[in-house]
Amino acid sequence: MLHGSPAVTASGMGLAAKETSMKHIIAVLLENEPGALSRVVALFSARGYNIESLTVATTEDPSLSRMTIVTTGSDEVIEQITKHLNRLIDVVKVVDLTEGQFTERELMLIKVRAVGKEREEMKRMADIFRGHIVDVTEKSYTIELTGDTSKLDAFIVAIDRTAILETVRTGTSGIGRGERILRA
């Protein structure tokens, strides 16, 4: 999903003007060293900040990792988080992706009951949400879906909750659009 355009409510006010606490996606470039992840998590824990989603992987440079943190807070809280992150020795660069245009994606694998009439219905729902059936047994399908968090949540709402056997989600990954690049 493309982000960065100001959202407007029916009253014409921007959503940011009505909300004091908003979701932020923070991208962190850090040294790929033992303990770097635990220091970032400890920083959040010590200050009472919540991590809603966390993804980490090595970048094209094997000495660096990219961490994507989804958290919620006011602009002041996010500014404090960013300052604290920048003070960590392993951190090379911090960017709040929500300050500009960005693209976010999340991957979900969801195992659903698929017997009898449910089989065709689950296949239809996977197609509607542009998912892929990646595993088939006599009694279940495992469906792979990618998109923003709201798309994955909508799929869960759209299917019969009693059909859900297991769900696993990667958490959000985000990247700036255009010339916005997170590099050392």
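As a reminder, the structure under discussion sits directly above these lines.
Rules behind the numbers
- Residues numbered from 1 in each chain as written.
- Predicted model: local features only at pLDDT ≥ 70, side-chain atom pairs only at ≥ 80, totals over all residues.
- Heavy atoms only, no water.
- Helix = DSSP H or I, 4+ residues; strand = E, 2+ residues; numbered from the N terminus.
- Buried < 20%, exposed > 50% of the residue type's maximum accessible area, 1.4 Å probe, protein only.
- Areas by Shrake-Rupley, 256 points an atom, 1.4 Å probe, with all protein chains shown as cover.
- Pairing = 2+ DSSP bridges.
- Axes fitted to C-alpha atoms, helices over the stretch in contact; angles between N-to-C directions.
- Contact = heavy atoms within 4.5 Å.
- Lys, Arg positive; Asp, Glu negative; His and termini not counted.
- Salt bridge = Lys/Arg side-chain N within 4 Å of Asp/Glu carboxyl O.
- Polar contact = N/O pair within 3.5 Å; in protein donor to acceptor, adjacent residues only side chain to side chain.
- Expected span 1.5 Å × (residues − 1).
- Arc of directions from axis to C-beta.
- Phe/Tyr/Trp six-rings, centres within 6.5 Å; stacked < 30°, edge-to-face > 60°.

**Quick word on the overall build of the protein chain**
Okay, so step 1: Counting secondary structure elements, the protein chain contains five helices and 10 strands.
Okay, so step 2: Looking at the protein chain residue by residue over its 184 residues, the buried ones come to 36%.
Okay, so step 3: As presented, the protein chain carries roughly 10,700 Å² of accessible surface, and 54% of it is formed by carbon and sulfur atoms.

**A closer look at the sheet that holds strand S3 (residues 53-58)**
Okay, so step 1: On the basis of which strands lie adjacent, the open sheet formed by four strands has the order S3-S4-S2-S5 and antiparallel pairing. With one partner strand each, in any of the chains shown, S3 and strand S5 (91-96) form the two edges of the open sheet. Across the sheet, the mean angle separating the axes of adjacent strands is 15° when strand polarity is ignored.

**Some details on the side chain of Ser 65**
Okay, so step 1: Note on placement: Ser 65 falls in strand S4 (residues 64-73).
Okay, so step 2: The exposure class of Ser 65 is buried, given its relative accessible area of 6%.
Okay, so step 3: Residues in contact with Ser 65, not counting those within four places in the same chain, are Val 28, Leu 29, Leu 30, Asn 32, Val 56, Ala 57, Thr 58 and Thr 59.

**A word on the side chain of Asp 96**
Okay, so step 1: For Asp 96, the position within the fold is in strand S5.
Okay, so step 2: Arg 180 provides the closest opposite charge to the buried, salt-bridge-free Asp 96, at an N-O distance of 6.8 Å.
Okay, so step 3: Side-chain polar atoms of Asp 96 contact the side chain of His 24, separated by 2.8 Å.
Okay, so step 4: A distance of 2.4 Å separates a polar atom in the side chain of Asp 96 from a polar atom in the side chain of Thr 98.

**Here's the deal with helix H4 (residues 117-128)**
Okay, so step 1: An ideal rise of 1.5 Å per residue puts 16 Å on 12 residues; H4 measures up with 17 Å between its terminal C-alpha atoms.
Okay, so step 2: Within the sequence span of H4, burial applies to Met 122, Met 125 and Ala 126. On an axial view of H4, the arc spanned by its buried residues comes to 100°, and they lie on one face. Structural note: H4 exposes Lys 117 and Glu 120 on the side pointing more than 90 degrees away from its buried face.
Okay, so step 3: The inward-facing, buried residues of H4 contact strand S6 (102-113), strand S7 (132-136), strand S8 (140-147) and helix H5 (149-158).
Okay, so step 4: Within two residues after H4, Arg 130 carries a phi angle of roughly 60°, on the positive side.

**Observations regarding helix H3 (residues 75-87)**
Okay, so step 1: Under the 1.5 Å per step criterion, the end-to-end length of H3 is 19 Å for 13 residues, consistent within 8% with the ideal 18 Å.
Okay, so step 2: Those residues of H3 that sit buried are Ile 78, Ile 81, Thr 82, His 84 and Leu 85. The buried residues of H3 all sit within an arc of 165° when viewed along its axis, so they share a single face. Across H3 from its buried face, at more than 90 degrees, point the exposed residues Asp 75, Glu 76 and Arg 87.
Okay, so step 3: Looking at the buried side of H3, the elements it contacts are strand S2 (22-31), helix H2 (36-46), S4 and S5.

**A few points about the pattern of salt bridges**
Okay, so step 1: Counting across every chain of the model gives 10 salt bridges.
Okay, so step 2: Taking the shortest distance from any N to any O, the salt bridge between Glu 166 and Lys 111 comes out at 3.8 Å. Of the two residues, Glu 166 is situated in strand S9 (residues 164-169) and Lys 111 in strand S6; the sequence distance between them amounts to 55 residues.
Okay, so step 3: In this structure, Arg 169 engages Asp 153 in a salt bridge whose closest nitrogen and oxygen atoms are separated by 2.8 Å.

**A word on the packing of aromatic side chains**
Okay, so step 1: Here the structure, examined in full by the defined rule, presents two aromatic pairs.
Okay, so step 2: Note on Phe 44 and Tyr 49: the rings are 6.0 Å apart at their centroids and 80° apart in plane angle, and the pair reads as edge-to-face.
Okay, so step 3: Ring plane angle 85° and centroid distance 5.2 Å describe the contact between Phe 129 and Phe 155, whose orientation is recorded as edge-to-face. You can see Phe 129 sitting in the loop between H4 and S7 and its partner Phe 155 sitting in helix H5, a full 26 residues away along the chain.
Okay, so step 4: Given a relative accessible area of 0%, Phe 155 falls into the buried group.

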